[in-house]
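This is what each chain is made of:
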Amino acid sequence: MAEMVKSTTSSGPRAAEASPVTRFFRATEIDTRLLGMIGALIIIWIGFHIITGGLFLTPRNLWNLSVQTTDIAVMTTGMVLIIVTRNIDLSVGSVLGLCGMIMGVTQAKILPEYIGFDSPFTWAITLLVGLAAGCLIGAFQGIIIAFLNVPSFIVTLGGLLVWRGATWLVTSGQTVAPMDQTFRIMGGGAEGSIGATWSWIVGICACLFVIASIVGSRRQRRRFGFPRRPIWAEYFLAVLSCVLILGAVWIANSYYWPINIAKKYAETNNIPWPETGLDIPYGIAVPVLIAIVVGIIMTFIATRLRFGRYVFAIGGNPEAAELAGIKTRWVTVRIFALMGILAAIAAAISTARLNAATNSQGTLDELYTIAAAVIGGTSLAGGTGTIAGAMLGALVMQSLQSGMVLAHVDTPLQSVVVGTVLVVAVWLDTVYRARAK
């Protein structure tokens, strides 16, 4: 009973006067802005499900939606840190295209001469080459911004043009295909999914991780004397998280391989084909797992490491951060190098999904990445932003695109909708910040 009293996050007359809803949010510490985004996402999903005649909220479309979101979701985690420091990166789409082309040429034209095509090492070497290229490009832009004092808008706008032109020059405009078989796993599809059994294992492990995180956080708060959530709030958050995780796994396992692919798999593995057909679940797609891992790592970097604290300190007040002894220039270089690495990871996912490296890869991705970060609550004024919110923003953006495609909305009108949503998101952010003051 004593612990229940100590664990309350608010007390006194103020808590008594608050409404039940306000007390609930205070107790659970749920981010109301994030909750608002989830509510908007649910409205979008239900709206498109009605407009498309029941095609949107199906396991097939939701599975495809998750895969299509991954490359933007990966890049937007880095864009959050860049915008938080009051910078911008307009070149990420072109960097994605160049890294994708470099990886395509590496595995399709260069490595076969030395280790053969579809070597067990091809995918690893290709990925390392792409990550190195992305890191060097990002660091190069960061050095110009930090040490030559050229505004990031101008540097990355130039990068948008330079790296897009370089993508064309690598192969003189030719498409490079096919990709290494193991490399293609990163793109999803039948071969790029982990199946039902492993999906449930991953889901259960994720639930255990969430529970362990809640318990660990409570112990840390108790250790340092910080206010703790009520016990009921801890149970509520644990149950809600596990329900959402296992629900997502169930949806992924409800989408089955097409008949032709299932038949080919059965013939290859000498499995008798039943009269009712063979239902083989896709399970969680590998690119989705990659995006989730990237999100967890980037959240850890942003919230637990000294580097992350430096980033938000610079965004809050660059002059004060400089006077405090933070090497703001090198932090800027590292942020842009990290952004280049994330663009290379997104390029690997995109190239693997297409099974080809093309000159048009990443076109307009920089706008969708920035829009996802802003919609996710990252302020263009700097200083505030969350990785989870940005990834949710990427899901909102892709949901709008996917829904409009299913609803047969013309491409020009799709651009109008996306642009309008971005402007409204910035306006809402401005209103929110004004009220917070």
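Residues numbered from 1 in each chain as written. Predicted model: local features only at pLDDT ≥ 70, side-chain atom pairs only at ≥ 80, totals over all residues. Heavy atoms only, no water.

In the annotation of an unreviewed UniProt entry, the protein is listed under the name Xylose transport system permease protein XylH and assigned to Rhizobium aouanii. As its UniProt record puts it under Function (unreviewed entry), the protein is described as follows: "Part of the binding-protein-dependent transport system for D-xylose. Probably responsible for the translocation of the substrate across the membrane." The Subcellular location (unreviewed entry) comment attached to the protein in UniProt states, word for word, "Cell membrane". (UniProt positions renumbered as here; feature names shortened; annotations may be inferred.)

To continue, consider the packing of aromatic side chains. The tally for this structure, following the rule as stated, stands at 12 aromatic pairs. Ring geometry for Phe24 versus Trp232: centroids 6.0 Å apart, planes at 25 degrees, classification stacked. One end of the pair, Phe24, is in helix α3 (residues 20-28); the other, Trp232, is in helix α11 (residues 231-253), and 208 residues separate them in sequence. Residue Trp232 is classed as partly exposed on the basis of its relative accessible area of 42%. Among the aromatic residues, those joined into a cluster by ring pairs are Trp63, Tyr255, Trp257, Tyr265 and Tyr282. (Phe/Tyr/Trp six-rings, centres within 6.5 Å; stacked < 30°, edge-to-face > 60°. Helix = DSSP H or I, 4+ residues; strand = E, 2+ residues; numbered from the N terminus. Buried < 20%, exposed > 50% of the residue type's maximum accessible area, 1.4 Å probe, protein only.)

Residue placement: Thr69 occurs in helix α5 (residues 59-84). Owing to a relative accessible area of 7%, Thr69 belongs among the buried residues under this scheme. With near-sequence residues (within four places) excluded, Thr69 lies in contact with Ala394, Leu395 and Gln398. (Contact = heavy atoms within 4.5 Å.)

Let us look at the packing of helix α14 (residues 306-316) against helix α16 (residues 328-354). Running from amino to carboxyl end, α14 crosses α16 at an angle of 110 degrees, the nearest separation of the two axes being 10 Å. Comparing the axis directions of α14 and α16 gives the class roughly perpendicular. Of the residues in α16, those touching α14 at Phe307, Tyr310, Val311 and Ile314 are Thr328, Val331, Arg334 and Ile335. (Axes fitted to C-alpha atoms, helices over the stretch in contact; angles between N-to-C directions. Parallel < 35°, antiparallel > 145°, perpendicular 65-115°, else oblique.)

Moving on: the pattern of salt bridges. Enumeration over the complete set of coordinates arrives at 5 salt bridges. Among the ionic pairs, Arg229 bridges to Glu29, the shortest N-O distance being 3.3 Å. A residue pair is termed long-range when its members are at least 10 positions apart, and Arg229 in the loop between α10 (195-224) and α11 and Glu29 in the loop between α3 and α4 (32-51) qualify at 200 residues. Residue classification places Arg229 among the buried positions, given a relative accessible area of 11%. The exposure class assigned to Glu29 is partly exposed, which follows from its relative accessible area of 35%. The salt bridge partner of Arg229 is Glu234, with a shortest N-O separation of 3.2 Å. Classification of Glu234 as buried rests on a relative accessible area of 9%. (Salt bridge = Lys/Arg side-chain N within 4 Å of Asp/Glu carboxyl O.)

Attention now goes to the nonpolar core. Counting 80 residues, the largest nonpolar core has Met75, Met79, Leu81 and Met298 as its most contacted members. Among the elements that make up this core, the one with the highest residue count is α16 (13 residues). Every residue in contact with Met298, bar those within four places of it in the chain, is listed here: Thr77, Gly78, Leu81, Leu338, Leu342 and Ile387. (Core = buried A, V, L, I, M, F, W, Y, C linked by side-chain atoms within 4.5 Å.)

Time to look at a nonpolar patch on the surface. On the surface, Trp200, Ile204, Leu208, Ile211, Val215, Leu246 and Trp250 cluster together to form a nonpolar patch covering roughly 650 Å² of accessible area. Contributing elements (two or more residues each) for the nonpolar patch: α10 and α11. It is α10 that contributes the most residues to the nonpolar patch, 5 residues altogether. A relative accessible area of 37% places Val215 in the partly exposed class. (Patch = residues over 30% accessible without salt bridge, like charges linked within 9 Å, V, L, I, M, F, W, Y side chains within 5 Å. Areas by Shrake-Rupley, 256 points an atom, 1.4 Å probe, with all protein chains shown as cover.)

Glancing now at the state of the cysteines. On inspection of all chains with the given rule, the structure shows 0 disulfides. Distance from the sulfur of Cys135, which forms no disulfide, to the nearest cysteine sulfur (Cys99) is 10 Å. Cys205 carries a free sulfur, and the closest cysteine sulfur to it, the one in Cys207, is 9.3 Å from it. For Cys205, a relative accessible area of 45% corresponds to the partly exposed category. (Disulfide = S-S within 2.5 Å.)

So, about helix α9 (residues 152-171). Between the first and last C-alpha of α9 there are 29 Å, a value that for 20 residues agrees with the 28 Å anticipated at 1.5 Å per step. Each element contacted by the buried residues of α9 is listed here: α6 (92-110), α8 (122-147) and α16. Once α9 ends, the next one or two residues include Ser172, with phi positive near 55 degrees. (Expected span 1.5 Å × (residues − 1).)

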